[in-house]
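# Per-entry structural report
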Amino acid sequence: MSIVVEPYTFEGPFTDIASIENRSGVFVIHCCHDGAYSILDVGVADSLSACLSKHEHWACWDSLCDGTWTLSVIYETADCDRSPEDVEQDIRRRFKVRCPPKARPSAGRRGS
């Protein structure tokens with residue numbers, strides 16, 4: 001099963017976090033209402049399942065979705081031509097993502 005968030009093809013949509021593997025990659029949270037999907041949030045994680053199960057934006061997803069929110073993922077692989085962070089930023093630029101970006105620590109990213 002897959003869902004396209006142009007130009008990316010994600011696995012999903014899933015309604016159960018147990019369907020998500022604990023691997024690194026990009027996630028998109030969608031609201032499904034009357035058969036239409038809108039993007040609520042996008043992010044990256046080193047361990048997608050663990051991150052999503054305790055994500056700080058659950059309240060945002062619940063408050064903005066009057067349907068069912070679903071999850072889709074792209075797992076990071078060695079042959080990816082873009083970093084997960086680049087994919088996240090590209091989606092945020094292309095779409096009206098309704099939840100704010102998750103704060104990231106700045107340590108370790110200097111000079112990149």
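Residues numbered from 1 in each chain as written. Predicted model: local features only at pLDDT ≥ 70, side-chain atom pairs only at ≥ 80, totals over all residues. Heavy atoms only, no water.

## Here's the deal with the side chain of Ser 49
- Tracing the backbone shows Ser 49 in helix H1 (residues 48–53).
- Those residues in contact with Ser 49, other than ones at most four positions away along the chain, are Ile 17, Ile 20, Glu 21 and Asn 22. (Helix = DSSP H or I, 4+ residues; strand = E, 2+ residues; numbered from the N terminus. Contact = heavy atoms within 4.5 Å.)

## Comments concerning the sheet that holds strand S1 (residues 2–5)
- Within the open sheet, the five strands sit side by side as S1-S2-S5-S3-S4. Their pairing is antiparallel. With partners counted over all chains shown, the strands left at the sheet margins are S1 and strand S4 (36–45), one partner each. Ignoring which end each strand starts from, the neighbouring axes of this sheet average 35 degrees apart.
- The pairing of strand S3 (residues 25–33) with S4 spans nine bridges and is classified as antiparallel. Looking across to S4, one finds that Phe 27 is bridged to Gly 43. (Pairing = 2+ DSSP bridges. Axes fitted to C-alpha atoms, helices over the stretch in contact; angles between N-to-C directions.)

## Quick look at the confidence of the model for the protein
- For the protein, per-residue confidence averages 87 on the pLDDT scale, and residues scoring 70 or more make up 90% of the total.
- Across residues 105–112, where pLDDT falls below 50, the model places one contact with residues more than four positions away in sequence or in other chains. (pLDDT = per-residue confidence, 0-100.)

## What to know about the pairing of S3
- Most of S3 sits inside the fold, with seven of its nine residues counted as buried.
- Adjacent in sequence and paired antiparallel, S3 and S4 are bridged by two residues, among which Asp 34 carries a positive phi angle near 55 degrees.
- Of the pairings in the sheet, the one linking S3 to strand S5 (residues 68–75) comprises eight bridges and is antiparallel in character. What sits directly across from Cys 32, in S5, is Thr 68. (Buried < 20%, exposed > 50% of the residue type's maximum accessible area, 1.4 Å probe, protein only.)

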